[in-house]
Amino acid sequence: MSDSTPTQIRLDHYPTGIPGDDAWNITHDPTPELVDGQVEVDVQLISIDPGMKGWITPMRSYMPPIEPGDVMRSFSIGPVTRTASDRFQVGDVVTGFLGVQTTAVVDARAVRPCDVSVAPMELHLGVLGMTGFTGYFGMLDIGRPEASHTVVVSAASGAVGSVAAQVAKRCGARVVGIAGGPDKCAYLVDDLGLDAAVDYKSTERSIADELAAATPNGIDVYFDNVGGEILEAVLQRINDHARIVLCGGISGYDDMAGAAGPAGYMKLVTTSSSMQGFTMKDYFHRIPEAFADLSGWVADGSLRHREHIVDGIERFPEALRMLFTGRNHGKLLLRP
């Protein structure tokens, strides 16, 4: 924590578009006393994720939206500082929906332990956390890449996309990553070892032309984090029996209520292809499986990762907007 005074970031109102500073209130409410079965956690890192936009949009989704006045929902991590549960002792590091606040009091059953001797806390919110698990299961269970396949991943330099792309490479596929700007594209090829990168911000050629040049044999698997124009371009290049993994659609998060589907979806019919969405709630029971593989790959250096940490809980509104402008490079975290 930045100081001893508890601090919370609360939703003021449901924003229209990407939330500005006025969508939030900073409060300093005292930490409540524990009741039986609860633990108090010193929140040391907060995960900043695109899904947060859905949690502050009053629409039906995989989780109910938070209400104005509530502490903002987030995956967070930190040590237990007080306990009224036999599940955890003081000093145990736990993660879960702890919220955007410096101190959290939660039901001990709502958090899971993190072994910080295996990896530091920031990795448990990134490559060894829900974002890493999302890329792992989405690619392996739904994408099912093979050595003969061409796989395309959008937002490939991000926390989820970078894992999904590297998992596909481990399967022997030819992997093309899409990212914004020459630095991120260079990272995909030089650091992550992808076969090619497409810069969606290029002014020289359209995204459709860039994608065509990078995928001369078509596309067998597409891991989609953005939707919009990129999804449209991919649909025009899918091979027979292609699989499109719908993980997110960040290009439309500024107007989630008015988001439109892809105009070229009939390509799914003519190529006998599939498009399937998923969230991590489908895979909570299989987290140990993903953690075992991912932690092993991190330990032997074959799975690369990058974290982008913003300091100061008061900078949460700024940090959240970074996701939608592409200013972050790697897993975005807030350190209160």
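Scoring rules and cut-offs
- Residues numbered from 1 in each chain as written.
- Predicted model: local features only at pLDDT ≥ 70, side-chain atom pairs only at ≥ 80, totals over all residues.
- Heavy atoms only, no water.
- Axes fitted to C-alpha atoms, helices over the stretch in contact; angles between N-to-C directions.
- Helix = DSSP H or I, 4+ residues; strand = E, 2+ residues; numbered from the N terminus.
- Parallel < 35°, antiparallel > 145°, perpendicular 65-115°, else oblique.
- Left-handed = near helix turned anticlockwise from the far one by under 90°.
- Contact = heavy atoms within 4.5 Å.
- Nonpolar A, V, L, I, M, F, W, Y, C, P; charged D, E, K, R; others polar.
- Salt bridge = Lys/Arg side-chain N within 4 Å of Asp/Glu carboxyl O.
- Buried < 20%, exposed > 50% of the residue type's maximum accessible area, 1.4 Å probe, protein only.
- 1 Å grid on protein atoms, 1.4 Å probe; cavity = no way out; pocket = protein on both sides within 12 Å on 5 of 7 lines; lining within 4 Å.
- Points joined across faces, edges and corners; volume = space filled by probe spheres on them.
- Phe/Tyr/Trp six-rings, centres within 6.5 Å; stacked < 30°, edge-to-face > 60°.
- Lys NZ or Arg CZ within 6 Å of the ring centre and 35° of its normal.

**Student:** Even after reading the chapter, I still don't get the packing of helix α3 (residues 130-143) against helix α4 (residues 159-170), so can you show me in this structure?
**Tutor:** In a packed pair of helices, the relevant descriptors are the angle between the two axes and the axis-to-axis distance. For the pair α3 and α4, interaxial distance at closest approach is 8 Å and the crossing angle is 40°. Between α3 and α4, the crossing angle belongs to the class labelled oblique. In the packing of α3 onto α4, the handedness of the crossing is right-handed. Contacts from Thr131, Gly132, Thr134, Gly135, Tyr136, Met139 and Leu140 of α3 reach α4 at Ala159, Val160, Val163, Ala164, Val167 and Ala168. Each residue belonging to the contact of α3 with α4 can be placed in one class, and the counts come to nine nonpolar, four polar and no charged.

**Student:** Looking at this structure, I do not really get the pattern of salt bridges. What am I missing?
**Tutor:** Close approach of charged atoms allows side chains with opposite charge to pair. For the coordinates displayed, the defined rule picks out 15 salt bridges. As a salt-bridge pair, Arg315 and Glu318 come within 2.9 Å of each other at their nearest N and O atoms. Classification of Glu318 by relative accessible area gives partly exposed; the value is 24%. Residues participating in the shared-partner salt-bridge network are Glu33, Glu40 and Arg82.

**Student:** I tried to follow empty space enclosed by the protein on my own but got confused; where do I start?
**Tutor:** The method is simple in principle: a probe with the dimensions of a water molecule rolls over the atoms, and the space it marks as empty is what remains. Counted by the stated rule, this structure contains one cavity of 30 Å³ or more. Size it by volume and the largest cavity reaches roughly 90 Å³. Contributing to the lining of the largest cavity are 15 residues, with Ala159, Ser162, His305, Arg306 and Lys331 lying nearest its centre. Here the element with the most residues in the lining of the largest cavity is α4; it accounts for four residues. For the lining of the largest cavity, the residue count by class is four nonpolar, seven polar and four charged.

**Student:** How should I be thinking about the packing of helix α6 (residues 207-214) against helix α7 (residues 228-235) in this particular structure?
**Tutor:** Put simply, α6 and α7 touch, their axes get as near as 9 Å, and they point 45° apart. Taken together, the axes of α6 and α7 lie oblique to each other. α6 and α7 meet at a crossing whose hand is right-handed. Seen from α6, the contacting residues are Ile207, Ala208 and Leu211; seen from α7, they are Glu229, Ile230, Ala233 and Val234. The class makeup of the residues in the contact of α6 with α7 is six nonpolar, no polar and one charged.

**Student:** Which parts of the structure should I look at to understand the packing of aromatic side chains?
**Tutor:** What describes a pair of aromatic rings is the distance from one ring centre to the other and the angle between the planes of the rings. In total, this model carries eight aromatic pairs according to the counting rule given. Ring centres of Tyr136 and Phe137 lie 5.0 Å apart, and the angle between their planes is 90°; this geometry places the pair in the edge-to-face category. Side by side, Tyr136 and Phe137 carry an identical accessibility label, which is buried. Both rings, one in Phe278 and one in Tyr283, keep their centres 6.2 Å apart while their planes meet at 80°; by these two values the pair is edge-to-face. Tyr283 carries the same exposure label as Phe278, and that label is buried. A network of ring pairs unites the aromatic residues Tyr136, Phe137, Phe223, Phe278, Tyr283 and Trp297 as a single cluster. Its guanidinium or amino end placed over the ring of Trp55, Arg73 lies 5.4 Å from that ring's centre, counting from NZ or CZ.

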